[in-house]
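Topology and contacts: notes
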Amino acid sequence: MNQKIISRIAPTPSGFLHAGNVYNFLLTYLFTRAFDGILHLRIDDYDLPRYRRQYVENIFRVLDMLGVDFDGGPGGVGEFEAEFSSKFRLGAYKNALKKLEQKGVCYACECSHSMKNSFKNGIYTRVCADKNLKFKKNETAMRLSTIDGAQINVRQNLINFDALGCDSCGEARMAGGLWSNAQKAQDGTANGLKNLTNLRGFGGGKPGDKKFNLNAVENPKKCILNSANSDGLNLTDEAAFETEKFAQTQSVNLAQNLGDFVVWKKDDTPAYNLASLVDDEILGVNLLVRGEDLLACSAAQKYMAQMLGYVFENANFIHHGLLVQSGKKLSKSSRAPAVNVADGAKIHYKFAALKLGLDASKCDTLSNLLEMFKEKFGR
Ligand SMILES: [Zn+2]
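As named in an unreviewed UniProt entry, the chain is Glutamyl-queuosine tRNA(Asp) synthetase, taken from Campylobacter rectus. Quoted verbatim from the Sequence similarities (unreviewed entry) heading of the UniProt record, the comment on the chain is "Belongs to the class-I aminoacyl-tRNA synthetase family."

The structure is reproduced here in structure tokens:
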């Protein structure tokens, strides 16, 4: 079956974006655009207590700086809050939970992380699995049962991705893809996810002209992102992007890696794994580009998709390494320094180019980066 790539850039508005987020945005953009895919912007505001409007503003500022354009998603903070927030899809998440309950694969859990017997090495010990508790807001969460020993295969086969295989049937494929997507768009619109109805970009923002100082251009194994005018941004990363991983399937023992995981939180809102899966299904996402720290999440979502009968079950994944600064992996929880928009986009393009083993000296605009990427990875 030939398939058009449908992907999404899906930041979480729970902190300011760091260089690792930008790296992920650029990879997602390149993989989607290089193969004429459809790219959505989806702001995952599932964690409402940590939501801050300034984080959403920050997302738009950074995307604007990068000049990344989208085929679907909000065009600004106001539109996001008025039409695209996950709040509008609470019904869809609840339906998914109900379906899982009907299948008898989840149970209510009253434990908290301070209860020592409930967790072993961070994995839930299933003490509530047979208690037959009912969900009660602020008292119980819902967990999904995992199966001991079961392996979930997470495909990362972009190189064999069906979209690459068929040149002559491109138009038919596109028509088919858009049609099925338009159908989904109608459902999605009602639920706060518009797609293909909002074909707007971010104006192809011109990269800043600030000076950058990029070392190690000669050696793609060692990338240094070092902005001359920035105190905060000085990033080294020894590991190049491992392209050979594209064709690999990674196998995850879900019970061992994640355990019976929470799908519905005590505050009566969906957990990330459930909400993100439902949203991906609504958008028809079939390629996820995300950090390798989310490998277990990918397996969890695939497992759930199987139980829910979602098309997402066949999704492809690219898990990339996390950027490292002073020996620490960049993440919002590790208080990674925020991206300084004044640094401009160029430094980020070149950094991504180095990681991908491209000639960084030819990648000082987004379109040049895309061309170089296509040359190396395109059909
Ligand atoms: Zn429990």
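1. Focus on the overall build of the chain
Across its full length, the chain holds ten helices and 15 strands. Of all 379 residues assigned to the chain, the portion counted as buried reaches 42%.

2. What about unusual backbone geometry?
The phi dihedral of Asn-132 falls on the positive side, at around 55°, and the residue is not glycine. Among the secondary structure elements, Asn-132 is positioned in the loop between β5 (123–124) and β6 (141–144). Given 8 C-beta atoms within a 10 Å radius, Asn-132 is considered exposed. Positive phi, close to 70°, is recorded for Asn-138, a residue that is not glycine. Following the sequence through the fold, Asn-138 ends up in the loop between β5 and β6. Judged by C-beta crowding, with 8 C-beta atoms within 10 Å, Asn-138 ranks as exposed.

3. A closer look at the nonpolar core
One finds Leu-66, Val-263, Leu-274 and Ala-353 to be the most contacted residues of the largest nonpolar core, which totals 91 residues. Element by element, the count of residues in this core is highest for helix α1 (residues 19–34), at nine residues. Setting aside chain neighbours within four positions, we find Leu-274 in contact with Tyr-93, Ala-96, Leu-97, Val-263, Trp-264 and Met-304.

4. Quick notes on α1
Over its 16 residues, α1 extends 22 Å from the first C-alpha to the last, a length consistent with the 22 Å expected when each residue adds 1.5 Å. By the criterion of burial, α1 is predominantly enclosed, with 15 of the 16 residues buried.

5. A few points about the environment of Ala-345
Mapping Ala-345 onto the fold places it in the loop between β15 (328–329) and α9 (346–355). With 26 C-beta atoms packed within 10 Å, Ala-345 lands in the buried category. A sequence separation of 323 residues divides Ala-345 from Val-22, and the C-alpha atoms of the two residues are 9.4 Å apart.

6. Some details on the pairing of strand β12 (residues 287–291)
When you tally the buried positions in β12, you get four out of five residues, the bulk of the element. Both β12 and strand β13 (residues 316–320) contribute to a ladder of five bridges, which runs parallel. Its bridge partner lying in β13, Leu-288 is registered against Phe-317. Read as a crossover between parallel neighbours, the route from β12 over helix α8 (residues 295–308) to β13 is right-handed.

7. Structural notes on the packing of α9 against helix α10 (residues 366–377)
Packing of α9 against α10 leaves a shortest axis separation of 10 Å and a crossing angle of 10°. When the axes of α9 and α10 are compared, the pair comes out roughly parallel. Residues Tyr-349, Ala-352 and Ala-353 of α9 lie in contact with α10, whose contacting residues are Leu-366, Leu-369 and Met-372. For the contact of α9 with α10, the residue count by class is six nonpolar, no polar and no charged.

8. Comments concerning helix α4 (residues 90–102)
A rise of 1.5 Å per residue sets the reference length of α4, with its 13 residues, at 18 Å; its end C-alpha atoms lie 18 Å apart and thus fit the reference within 8%. Along α4, the residues classified as buried are Ala-92, Tyr-93, Ala-96 and Leu-100. Taken around the axis of α4, the buried residues stretch over an arc of 100°, which confines them to a single face. Set apart from the buried face of α4 by more than 90 degrees, the exposed residues are Gly-91, Lys-98 and Gln-102. Turning to α4, the residues buried within the fold contact β3 (106–109), β6, β11 (261–264), α7 (272–283) and α8. Two residues or fewer past α4, Gly-104 is found with a positive phi of approximately 70°.

9. Here's the deal with the packing of α7 against α8
One can describe the packing of α7 onto α8 by two numbers: an axis separation of 10 Å at closest approach and a directional angle of 65°. Considering only the axes of α7 and α8, their crossing is right-handed. Mapping the contact onto sequence places Asn-273, Leu-274, Ser-276 and Leu-277 in α7 and Cys-297, Ala-300, Gln-301, Met-304 and Ala-305 in α8. Residues that form the contact of α7 with α8 fall into these classes: six nonpolar, three polar and no charged.

Cut-off values and rules
Residues numbered from 1 in each chain as written. Predicted model: local features only at pLDDT ≥ 70, side-chain atom pairs only at ≥ 80, totals over all residues. UniProt positions renumbered as here; feature names shortened; annotations may be inferred. Helix = DSSP H or I, 4+ residues; strand = E, 2+ residues; numbered from the N terminus. Buried ≥ 20, exposed ≤ 12 C-beta atoms within 10 Å, placed from the backbone. Core = buried A, V, L, I, M, F, W, Y, C linked by C-beta atoms within 7 Å. Contact = placed C-beta atoms within 7 Å. Expected span 1.5 Å × (residues − 1). Pairing = 2+ DSSP bridges. Right-handed = clockwise from strand over helix to strand, strands pointing away. Axes fitted to C-alpha atoms, helices over the stretch in contact; angles between N-to-C directions. Parallel < 35°, antiparallel > 145°, perpendicular 65-115°, else oblique. Nonpolar A, V, L, I, M, F, W, Y, C, P; charged D, E, K, R; others polar. Arc of directions from axis to C-beta. Left-handed = near helix turned anticlockwise from the far one by under 90°.

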